[in-house]
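Spelled out from the first residue to the last, the chains are:
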Amino acid sequence: MKKLTKLLCAALVWALLLGAAVSCAKQPDSPVQDPPQQEEPQPAPELKIAVDSEPARSAVIHWFYSEEGQALFGDTDLEDVLFSVDPRDIAQELKLGNYDAAVCAPDQKALQLLGGYESIPLFRDAVIFVHGDIGQPRGDYDLTADAIRQIYAGSGALFWDQEQRQALIPAYGYSDDADVPVWQQLSMLFGITAGAPDIVPVGEYGNPVAAVAYSDRVGAPLFPCYYQALHGDAGLNGSVISVDGVLPTDETLEDGTYPFTLSYYGMYSAIPPAAKKLLPEIFRGIQASSAR
């Protein structure tokens, strides 16, 4: 009996040892932890941003580049993301998806076409009119908005002086034709069309005052340009006029009392992930740079 008990105990111990061995054999090997992979930096997405005029372009460039000249938009060349587009086509180009965003001064038609798009107010500019002081000292000149429309539409002769000796000669400005953003905006936003047959082009002179001086016309030219030109180094060849008694200044542009103020917006669809993430930051940068 004792012998049988010993045999049973030995068998039980053997069974326990065998079970432990089988259990150890079935346990999976401990997984080897791979070192964490370092994520490669992703390049900044290329966004196509359309601008519709030189003032808008200047503001964007000011923000895209730091004082040291380093690009602030990833490593993308500025020319790859900025495209100058006809203001009349800019809303349609956005709708077609040819551009991710636009910096523009939209009219009501464009705003209706871009219903549902995101918009961020950026800065104010204006179209100003200059009296070319040919043989005259600088002076204070004022015209009504309707008078400006009439002279460029060809509705009749106008004069700067009460004696009607100094004719007001319509000129295109610092360009040789009407197919430039300032004229497109004057037509779209303010109803000023270059329909008169005697508007003086710049031609070979590059300057409306010189063009009139070398013509057979007697009088002083009236020509448009952007308000931003007042802050440039070259200066204007003439006196800035007031319109309806309001002179273009930083204050009258800000409160909108100057009649030909341009309000620029950053407009984009928030559907593309890149647009939703990056464009608000870009436009906020434009706001900050234009406020300086």
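Parameters at a glance
Residues numbered from 1 in each chain as written. Predicted model: local features only at pLDDT ≥ 70, side-chain atom pairs only at ≥ 80, totals over all residues. Heavy atoms only, no water. Patch = residues over 30% accessible without salt bridge, like charges linked within 9 Å, V, L, I, M, F, W, Y side chains within 5 Å. Areas by Shrake-Rupley, 256 points an atom, 1.4 Å probe, with all protein chains shown as cover. Salt bridge = Lys/Arg side-chain N within 4 Å of Asp/Glu carboxyl O. Lys, Arg positive; Asp, Glu negative; His and termini not counted. Charge placed at Lys NZ, Arg CZ, Asp CG, Glu CD. Helix = DSSP H or I, 4+ residues; strand = E, 2+ residues; numbered from the N terminus. Core = buried A, V, L, I, M, F, W, Y, C linked by side-chain atoms within 4.5 Å. Buried < 20%, exposed > 50% of the residue type's maximum accessible area, 1.4 Å probe, protein only. Contact = heavy atoms within 4.5 Å. Phe/Tyr/Trp six-rings, centres within 6.5 Å; stacked < 30°, edge-to-face > 60°. pLDDT = per-residue confidence, 0-100.

1. Observations concerning a negative patch on the surface
Taken together, the side chains of Asp250, Glu251, Glu254 and Asp255 present a region of like negative charge at the surface. Among the secondary structure elements, Asp250 is positioned in helix α8 (residues 250–254).

2. Focus on the nonpolar core
In this structure, Val103, Phe129, Phe260 and Phe283 are the most contacted members of the largest nonpolar core, which totals 62 residues. Looking at this core, the element that brings in the most residues is strand β4 (residues 118–131), giving eight residues. Leave out the neighbours within four places in its chain, and Phe129 touches Ile148, Tyr152, Leu186, Ile192, Leu222, Phe223, Pro224, Ser239, Val240, Ile241, Tyr258 and Phe260. Among the nonpolar cores identified, the runner-up in size contains eleven residues, and Val85, Ile90, Tyr99 and Leu114 belong to it.

3. Notes on the packing of aromatic side chains
Evaluated as defined, the whole model comprises ten aromatic pairs. Judged by centre distance (4.9 Å) and plane angle (70 degrees), the rings of Tyr152 and Trp183 are edge-to-face. Placement of Tyr152 in helix α5 (residues 145–153) and of Trp183 in helix α6 (residues 181–190) is noted, with a sequence separation of 31 residues between them. Judged by its relative accessible area of 0%, Tyr152 is buried. A residue is classified by how much of its surface remains accessible, and Trp183, at 3% relative accessible area, is buried. Aromatic ring contacts, followed pair by pair, group Phe129, Tyr152, Tyr172, Trp183, Phe190, Tyr258 and Phe260 into a single cluster.

4. Observations regarding the confidence of the model for the protein chain
Residues with a pLDDT of 70 or more make up 75% of the protein chain, whose mean pLDDT is 77. Of all the helices and strands in the protein chain, helix α1 (residues 2–26) carries the lowest mean pLDDT, 41, while strand β9 (residues 242–243) carries the highest, 96. For residues 1–27, every residue scores under 50 in pLDDT, and the model assigns this stretch zero contacts once sequence neighbours within four places are set aside. Considering only residues more than four positions removed or in separate chains, one finds that residues 66–71, a stretch of pLDDT under 50, has six contacts.

5. Details of unusual backbone geometry
A positive phi angle, near 55 degrees, is found at Asp244, a position not held by glycine. With respect to the helices, strands and loops of the structure, Asp244 is situated in the loop between β9 and α8. On the accessibility criterion, Asp244 (43% relative accessible area) is partly exposed.

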